[in-house]
Amino acid sequence: MDLRIPTSTQEVTDTTKQAASWFDTHWQSWLAGGLRIVFIVVLAMVLRTVVNKLITQLIARMARSHEHREESRLGGLLANHGVVNPERRQQRSEAIGSVLRSVASFSILGTAALMALSALGVNLAPLLASAGVAGVAIGFGARNLVTDFLSGVFMIMEDQYGVGDEVDTGVATGTVLEVGLRVTKLRGANGEIWYIRNGEVKRIANMSQGWATASVDVQVGYKEDLQRVEDLILETAESLAKESPYDELVWAPVSILGVESVAADSVMVRVEARTAPGKASVVSRALRQRLKSAFDLAGIKVKEEATAVAAGVAIAEPSPPSALSDPTSPRYRAAEPIPLPKPPTDDLTIAKP
């Protein structure tokens, strides 16, 4: 192609004719390519809008309450009946919907961009080959990231835990502060913050879902009447369950499991109560305090006193003889203090007059 600047009228005329001829030759392909790109973009935007709307409707049906489950079979994906409240279901559905919309938008717009480049005449073979090699390299390097992401998606979908739950992940225990697709943030018992990768969590114990069990071991004396003790325990527990705020924390009547252990001077009775999740320690402490006061009023001993001899005075066992008490023993002599050295005396003596 001649890029020389025309210097004469004839050259200007010839250059103009060449440009007009080149434009007449290519304008149709330009117009077709432009219309194709516009069609691709419009189709991609319409498809993205339709997919997002379908995802929104799908998530809305998944988030329906248990009462409407007969109208929505998709609710089973988020169903964890008796454990998850409607607010938690709504949060989970919104999180899943956000992930699905992001994936759908990335796939649709990425495909549309490649089709637009192809319409412009760009050779996509080198680009796709480079993208494939880069994808393999990134896949090997970011396999942990992909594992964390997929684990986070399933944790949210299955509602394994949420913000505010008390959980034990095996590597750390604490209150959930934030649940992300890659990292979960916990607040430990001492105030520390744990950042745990979702892919590293192999097991999860959630102490804030469903209900908890308050277990109390009551120790009474060996000679106490166990039937009387059990009646007093039940009476005290029922009185506690009727008072505020324990009337909302105790979810089932207190049950006595029976004798847990027997010792020479005491008997251990185990008591359990079903409580609100995360409130077992509160109910256990309150029940122990009430039982202590009730036992004091009823005169029930928690331990039998040591057995005395006939006169009621315990005889002290004689201590073994000590070798230090005998002045003639070698140990007694070895314990004697070392005598101080005598002061030196002068060799010369002064005669008295």
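Residues numbered from 1 in each chain as written. Predicted model: local features only at pLDDT ≥ 70, side-chain atom pairs only at ≥ 80, totals over all residues. Heavy atoms only, no water.

Caption draft 1: Geometry of the pattern of salt bridges. Counted by the stated rule, this structure contains eight salt bridges. Residues lysine 185 and glutamate 178 are paired through a salt bridge, measuring 3.5 Å at the closest nitrogen-oxygen approach. A salt bridge links glutamate 260 to arginine 270, with the nearest nitrogen and oxygen atoms 3.8 Å apart. Remark: arginine 270 occurs in strand S8 (residues 266–275) and glutamate 260 occurs in strand S7 (residues 255–262); sequence separation between them is ten residues. Judged by its relative accessible area of 42%, glutamate 260 falls in the partly exposed class. According to the relative accessible area criterion, arginine 270 is partly exposed, its value standing at 23%. Salt bridges sharing common partners tie together Asp148, Arg197 and Glu200. (Salt bridge = Lys/Arg side-chain N within 4 Å of Asp/Glu carboxyl O. Helix = DSSP H or I, 4+ residues; strand = E, 2+ residues; numbered from the N terminus. Buried < 20%, exposed > 50% of the residue type's maximum accessible area, 1.4 Å probe, protein only.)

Caption draft 2: Inspection of the nonpolar core at higher detail. Membership of the largest hydrophobic core comes to 26 residues, with the highest contact counts inside it found for Val218, Val220, Ile233, Leu287 and Phe295. When near neighbours in sequence (up to four residues on either side) are disregarded, valine 218 contacts Ile233, Val267, Met268, Val269, Val271, Leu291 and Phe295. (Core = buried A, V, L, I, M, F, W, Y, C linked by side-chain atoms within 4.5 Å. Contact = heavy atoms within 4.5 Å.)

Caption draft 3: Region of interest: the packing of helix H5 (residues 226–241) against helix H7 (residues 280–298). Viewed as axis vectors pointing N to C, H5 and H7 meet at an angle of 130°, and their least axial separation amounts to 10 Å. Looking at the two axes, H5 sits oblique to H7. Crossing hand, H5 versus H7: right-handed. Contacts from Arg228, Val229, Leu232, Ile233, Thr236, Ala237 and Leu240 of H5 reach H7 at Ala286, Leu287, Arg290, Leu291, Ala294, Phe295 and Ala298. (Axes fitted to C-alpha atoms, helices over the stretch in contact; angles between N-to-C directions. Parallel < 35°, antiparallel > 145°, perpendicular 65-115°, else oblique. Left-handed = near helix turned anticlockwise from the far one by under 90°.)

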